[in-house]
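Structural description and commentary
Spelled out from the first residue to the last, the chains are:
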Amino acid sequence: MSELILYLGVYRIESQRDVVVIARSSSTRKEELETKCEKVLKKIIQTGQEKPIWSFDSKKDQYTLHCNYKPSKAENLTFFAVTKLNFPNRPTALFKDFVDEFLKADKYSQYSNVKEGGLTRDMAPVFKRIQEVYGRDKLQETKDKVDVLKDKLHDNMQGIIERGEQLDEIKINAEELDADAQNFQGTAKGLKWKYCCANAKWTIILVLTLATIFTLIVVVAVCTTDPDACKS
(Lines give C-alpha, C1' and ligand atoms only; values in the text may rest on other atoms or scores of the structure.)
Protein backbone atom coordinates (compact mmCIF):
# COMPACT_ATOMS: atom_id res chain seq x y z
CA MET A 1 0.00 0.00 0.00
CA SER A 2 1.38 3.45 -0.96
CA GLU A 3 1.42 5.83 2.07
CA LEU A 4 1.01 9.58 1.65
CA ILE A 5 1.81 10.44 5.28
CA LEU A 6 5.48 9.95 6.17
CA TYR A 7 5.43 11.24 9.74
CA LEU A 8 2.97 12.19 12.46
CA GLY A 9 4.10 13.91 15.62
CA VAL A 10 2.74 15.71 18.68
CA TYR A 11 5.02 18.27 20.35
CA ARG A 12 4.62 19.97 23.70
CA ILE A 13 5.89 23.54 23.97
CA GLU A 14 7.94 24.03 27.13
CA SER A 15 9.28 27.48 26.32
CA GLN A 16 10.36 29.53 23.33
CA ARG A 17 13.49 27.41 23.07
CA ASP A 18 12.41 24.04 24.39
CA VAL A 19 9.94 21.61 22.81
CA VAL A 20 9.33 17.93 23.54
CA VAL A 21 7.90 15.33 21.15
CA ILE A 22 5.51 13.28 23.27
CA ALA A 23 4.09 10.99 20.55
CA ARG A 24 5.29 10.11 17.08
CA SER A 25 4.76 7.71 14.22
CA SER A 26 6.89 7.30 11.14
CA SER A 27 7.22 4.73 8.38
CA THR A 28 10.58 6.08 7.21
CA ARG A 29 13.28 8.68 7.99
CA LYS A 30 12.02 9.01 11.56
CA GLU A 31 14.95 10.89 13.13
CA GLU A 32 15.39 13.21 10.16
CA LEU A 33 11.73 14.22 10.05
CA GLU A 34 11.45 14.51 13.83
CA THR A 35 14.43 16.88 13.95
CA LYS A 36 13.07 18.87 11.01
CA CYS A 37 9.71 19.35 12.74
CA GLU A 38 11.42 20.46 15.94
CA LYS A 39 13.47 23.08 14.11
CA VAL A 40 10.41 24.37 12.25
CA LEU A 41 8.40 24.62 15.48
CA LYS A 42 11.12 26.65 17.18
CA LYS A 43 11.23 29.05 14.22
CA ILE A 44 7.44 29.46 14.32
CA ILE A 45 7.61 30.23 18.03
CA GLN A 46 10.29 32.84 17.40
CA THR A 47 8.15 34.60 14.79
CA GLY A 48 5.46 35.20 17.39
CA GLN A 49 2.73 34.64 14.81
CA GLU A 50 -0.37 32.77 15.93
CA LYS A 51 -1.32 31.39 12.51
CA PRO A 52 -2.86 27.94 13.18
CA ILE A 53 -1.87 26.09 9.99
CA TRP A 54 1.59 26.21 8.44
CA SER A 55 2.88 24.30 5.41
CA PHE A 56 6.44 24.08 4.07
CA ASP A 57 7.34 22.31 0.82
CA SER A 58 10.67 20.55 0.44
CA LYS A 59 10.86 19.74 -3.27
CA LYS A 60 14.38 18.42 -2.82
CA ASP A 61 13.17 15.79 -0.35
CA GLN A 62 9.76 15.38 -2.06
CA TYR A 63 7.59 16.11 0.98
CA THR A 64 5.49 18.84 2.60
CA LEU A 65 5.66 19.60 6.31
CA HIS A 66 2.26 20.63 7.74
CA CYS A 67 1.93 22.12 11.21
CA ASN A 68 -1.13 22.81 13.38
CA TYR A 69 0.35 25.33 15.80
CA LYS A 70 -1.25 25.53 19.24
CA PRO A 71 -4.82 24.43 18.39
CA SER A 72 -7.56 25.98 20.52
CA LYS A 73 -8.35 22.70 22.31
CA ALA A 74 -4.72 22.15 23.34
CA GLU A 75 -2.85 25.43 23.26
CA ASN A 76 0.46 24.14 24.57
CA LEU A 77 0.66 21.43 21.89
CA THR A 78 1.56 21.47 18.22
CA PHE A 79 0.68 18.73 15.74
CA PHE A 80 2.79 17.81 12.73
CA ALA A 81 2.06 15.79 9.59
CA VAL A 82 4.75 15.30 6.98
CA THR A 83 3.20 14.21 3.70
CA LYS A 84 4.28 13.56 0.14
CA LEU A 85 4.08 16.50 -2.23
CA ASN A 86 1.06 15.00 -4.01
CA PHE A 87 -1.00 14.85 -0.80
CA PRO A 88 -4.58 15.45 -2.05
CA ASN A 89 -6.32 16.30 1.24
CA ARG A 90 -6.65 19.61 3.00
CA PRO A 91 -4.41 19.79 6.10
CA THR A 92 -7.18 21.53 8.07
CA ALA A 93 -9.41 18.44 7.80
CA LEU A 94 -6.53 16.16 8.74
CA PHE A 95 -5.57 18.20 11.80
CA LYS A 96 -9.16 18.51 13.01
CA ASP A 97 -9.45 14.73 13.17
CA PHE A 98 -5.89 14.33 14.44
CA VAL A 99 -6.43 16.73 17.38
CA ASP A 100 -9.87 15.35 18.25
CA GLU A 101 -8.67 11.73 18.16
CA PHE A 102 -5.60 12.57 20.24
CA LEU A 103 -7.51 14.43 22.96
CA LYS A 104 -10.19 11.75 23.03
CA ALA A 105 -7.55 9.08 23.62
CA ASP A 106 -5.71 11.16 26.23
CA LYS A 107 -8.64 11.43 28.64
CA TYR A 108 -6.60 12.40 31.69
CA SER A 109 -4.41 15.08 30.04
CA GLN A 110 -1.25 13.03 30.44
CA TYR A 111 0.46 15.13 27.77
CA SER A 112 1.02 17.96 30.23
CA ASN A 113 3.80 16.12 32.08
CA VAL A 114 4.70 13.09 29.97
CA LYS A 115 8.32 12.57 28.95
CA GLU A 116 9.68 12.45 25.41
CA GLY A 117 7.91 9.75 23.39
CA GLY A 118 5.87 8.75 26.44
CA LEU A 119 2.54 8.59 24.60
CA THR A 120 3.78 6.97 21.39
CA ARG A 121 2.53 3.50 22.29
CA ASP A 122 -0.81 4.72 23.72
CA MET A 123 -1.45 6.83 20.63
CA ALA A 124 -0.66 4.06 18.13
CA PRO A 125 -4.40 3.47 17.40
CA VAL A 126 -4.83 7.21 16.73
CA PHE A 127 -1.91 7.26 14.28
CA LYS A 128 -3.28 4.14 12.60
CA ARG A 129 -6.73 5.69 12.10
CA ILE A 130 -5.25 8.90 10.66
CA GLN A 131 -3.12 6.85 8.27
CA GLU A 132 -6.12 4.77 7.18
CA VAL A 133 -8.29 7.84 6.50
CA TYR A 134 -5.73 10.29 5.08
CA GLY A 135 -2.55 8.33 4.40
CA ARG A 136 -3.70 5.97 1.69
CA ASP A 137 -3.00 6.93 -1.90
CA LYS A 138 -6.37 5.79 -3.22
CA LEU A 139 -5.59 6.92 -6.76
CA GLN A 140 -2.39 4.88 -6.81
CA GLU A 141 -4.21 1.91 -5.27
CA THR A 142 -6.81 2.12 -8.03
CA LYS A 143 -4.06 2.26 -10.64
CA ASP A 144 -2.36 -0.73 -9.06
CA LYS A 145 -5.62 -2.71 -9.17
CA VAL A 146 -6.11 -1.74 -12.81
CA ASP A 147 -2.54 -2.85 -13.57
CA VAL A 148 -3.17 -6.19 -11.86
CA LEU A 149 -6.35 -6.68 -13.89
CA LYS A 150 -4.50 -5.74 -17.08
CA ASP A 151 -1.78 -8.28 -16.28
CA LYS A 152 -4.38 -10.99 -15.62
CA LEU A 153 -6.20 -10.13 -18.85
CA HIS A 154 -2.92 -10.23 -20.76
CA ASP A 155 -2.06 -13.63 -19.24
CA ASN A 156 -5.53 -14.98 -20.08
CA MET A 157 -5.30 -13.72 -23.66
CA GLN A 158 -1.82 -15.16 -23.98
CA GLY A 159 -3.12 -18.50 -22.72
CA ILE A 160 -5.98 -18.42 -25.23
CA ILE A 161 -3.57 -17.60 -28.06
CA GLU A 162 -1.21 -20.40 -27.01
CA ARG A 163 -4.08 -22.89 -26.78
CA GLY A 164 -5.25 -21.74 -30.24
CA GLU A 165 -1.75 -22.30 -31.63
CA GLN A 166 -1.66 -25.76 -30.05
CA LEU A 167 -5.03 -26.59 -31.61
CA ASP A 168 -3.76 -25.37 -34.98
CA GLU A 169 -0.69 -27.58 -34.60
CA ILE A 170 -2.88 -30.58 -33.72
CA LYS A 171 -5.06 -29.87 -36.75
CA ILE A 172 -2.03 -29.59 -39.01
CA ASN A 173 -0.58 -32.82 -37.62
CA ALA A 174 -3.91 -34.59 -38.16
CA GLU A 175 -4.04 -33.34 -41.74
CA GLU A 176 -0.47 -34.47 -42.32
CA LEU A 177 -1.26 -37.90 -40.88
CA ASP A 178 -4.34 -38.14 -43.12
CA ALA A 179 -2.26 -37.20 -46.17
CA ASP A 180 0.38 -39.75 -45.20
CA ALA A 181 -2.29 -42.40 -44.81
CA GLN A 182 -3.71 -41.60 -48.24
CA ASN A 183 -0.23 -41.69 -49.77
CA PHE A 184 0.46 -45.00 -48.05
CA GLN A 185 -2.84 -46.40 -49.31
CA GLY A 186 -2.00 -45.31 -52.88
CA THR A 187 1.48 -46.74 -52.61
CA ALA A 188 0.11 -50.01 -51.21
CA LYS A 189 -2.33 -50.33 -54.13
CA GLY A 190 0.50 -49.69 -56.61
CA LEU A 191 2.73 -52.27 -54.97
CA LYS A 192 -0.13 -54.76 -54.86
CA TRP A 193 -0.77 -54.32 -58.59
CA LYS A 194 2.94 -54.56 -59.31
CA TYR A 195 3.34 -57.78 -57.36
CA CYS A 196 0.15 -59.20 -58.87
CA CYS A 197 1.52 -58.58 -62.39
CA ALA A 198 4.86 -60.10 -61.46
CA ASN A 199 3.11 -63.11 -59.93
CA ALA A 200 0.97 -63.60 -63.08
CA LYS A 201 4.06 -63.31 -65.25
CA TRP A 202 5.92 -66.00 -63.34
CA THR A 203 2.82 -68.16 -63.23
CA ILE A 204 2.56 -68.04 -67.05
CA ILE A 205 6.28 -68.79 -67.41
CA LEU A 206 5.94 -71.71 -65.00
CA VAL A 207 2.91 -73.10 -66.85
CA LEU A 208 4.67 -72.77 -70.23
CA THR A 209 7.79 -74.43 -68.82
CA LEU A 210 5.82 -77.30 -67.35
CA ALA A 211 3.89 -77.70 -70.63
CA THR A 212 7.13 -77.81 -72.58
CA ILE A 213 8.66 -80.35 -70.22
CA PHE A 214 5.48 -82.43 -70.35
CA THR A 215 5.52 -82.34 -74.17
CA LEU A 216 9.14 -83.43 -74.27
CA ILE A 217 8.43 -86.28 -71.86
CA VAL A 218 5.53 -87.45 -74.03
CA VAL A 219 7.62 -87.29 -77.22
CA VAL A 220 10.49 -89.18 -75.62
CA ALA A 221 8.12 -91.83 -74.30
CA VAL A 222 6.46 -92.31 -77.70
CA CYS A 223 9.78 -92.49 -79.48
CA THR A 224 11.04 -95.05 -77.08
CA THR A 225 8.05 -97.38 -77.40
CA ASP A 226 7.33 -96.94 -81.10
CA PRO A 227 10.30 -95.71 -83.14
CA ASP A 228 8.30 -95.87 -86.37
CA ALA A 229 5.66 -93.54 -84.98
CA CYS A 230 8.37 -91.18 -83.86
CA LYS A 231 9.80 -91.13 -87.40
CA SER A 232 6.47 -90.34 -88.86
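Thresholds, definitions, all that
Residues numbered from 1 in each chain as written. Predicted model: local features only at pLDDT ≥ 70, side-chain atom pairs only at ≥ 80, totals over all residues. Heavy atoms only, no water. Buried < 20%, exposed > 50% of the residue type's maximum accessible area, 1.4 Å probe, protein only. Helix = DSSP H or I, 4+ residues; strand = E, 2+ residues; numbered from the N terminus. Pairing = 2+ DSSP bridges. Polar contact = N/O pair within 3.5 Å; in protein donor to acceptor, adjacent residues only side chain to side chain. Contact = heavy atoms within 4.5 Å. Axes fitted to C-alpha atoms, helices over the stretch in contact; angles between N-to-C directions. Parallel < 35°, antiparallel > 145°, perpendicular 65-115°, else oblique. Left-handed = near helix turned anticlockwise from the far one by under 90°. Nonpolar A, V, L, I, M, F, W, Y, C, P; charged D, E, K, R; others polar. Core = buried A, V, L, I, M, F, W, Y, C linked by side-chain atoms within 4.5 Å. Salt bridge = Lys/Arg side-chain N within 4 Å of Asp/Glu carboxyl O. Arc of directions from axis to C-beta.

A short note on the pairing of strand β1 (residues 5–13)
The buried fraction of β1 amounts to nine of the nine residues, a majority that puts the element mostly inside the structure. The sheet contact formed by β1 and strand β5 (residues 77–84) spans seven bridges and is antiparallel. In the sheet register, Arg-12 faces β5, and the bridge partner there is Leu-77. Bridging between β1 and strand β2 (residues 19–26) involves seven bridges; their strand directions are antiparallel. When the sheet's bridge partners are listed, Ile-13 is paired in β2 with Val-19. Between β1 and the antiparallel strand that follows it, β2, lie five residues.

A look at the side chain of Glu-34
Relative to the helices and strands, Glu-34 resides in helix α1 (residues 30–47). For Glu-34, a relative accessible area of 12% corresponds to the buried category. Among the polar contacts made by the side chain of Glu-34, one reaches the side chain of Arg-24 at a distance of 2.9 Å. Not counting chain neighbours up to four residues away, the residues in contact with Glu-34 comprise Tyr-7, Tyr-11, Val-21, Arg-24 and Glu-116.

A short note on unusual backbone geometry
Located in the positive-phi region is Arg-29, a residue other than glycine, with phi close to 55°. Here Arg-29 lies in the loop between β2 and α1. Notably, Gln-62 is not glycine yet its phi reads approximately 60°, a positive angle. With respect to the helices and strands, the residue Gln-62 is situated in the loop between β3 (53–58) and β4 (63–69).

Some details on the packing of helix α2 (residues 91–105) against helix α3 (residues 124–134)
Pairs of packed helices are described in terms of their axes, by the angle between the two and the distance that separates them. The geometry of α2 relative to α3 is characterised by a closest axis approach of 10 Å and an angle of 155° between their N-to-C directions. In terms of orientation, α2 lies roughly antiparallel with respect to α3. Between α2 and α3 lies a crossing whose hand is right-handed. For the pair α2 and α3, the contacting residues are Ala-93, Leu-94, Asp-97, Phe-98, Glu-101, Phe-102 and Ala-105 in the first and Val-126, Phe-127, Arg-129, Ile-130 and Tyr-134 in the second. Grouping the constituent residues of the contact of α2 with α3 by class yields nine nonpolar, no polar and three charged.

Considering the nonpolar core
Core analysis: the biggest nonpolar cluster contains 25 residues, and Ile-22, Leu-94, Phe-98 and Phe-102 have the highest contact counts within it. Secondary-structure elements contributing two or more residues to this core are β1, β2, β5, α2 and α3. Element by element, the count of residues in this core is highest for α2, at five residues. Setting aside its immediate chain neighbours within four residues, Phe-98 contacts Leu-8, Gly-9, Val-10, Phe-79, Phe-80, Val-126, Phe-127 and Ile-130. With 19 residues, the next largest nonpolar core counts Tyr-11, Leu-33, Leu-41 and Ile-45 among its residues.

Quick word on the pattern of salt bridges
Scanning all chains against the criterion turns up nine salt bridges. One salt bridge connects Arg-129 with Glu-101, and the closest N-O pair in it is separated by 2.9 Å. Remark: Glu-101 occurs in helix α2 and Arg-129 occurs in helix α3; sequence separation between them is 28 residues. Owing to a relative accessible area of 37%, Arg-129 belongs among the partly exposed residues under this scheme. Via salt bridges that share partners, Arg-24, Glu-34 and Glu-116 belong to a single interconnected network.

Remarks on α3
The set of residues buried in α3 consists of Val-126, Phe-127, Ile-130, Gln-131 and Tyr-134. Viewed end-on, α3 has its buried residues packed into an arc of 135°, placing them on one side of the element. Contact partners of the buried residues in α3: β1, β2 and α2.

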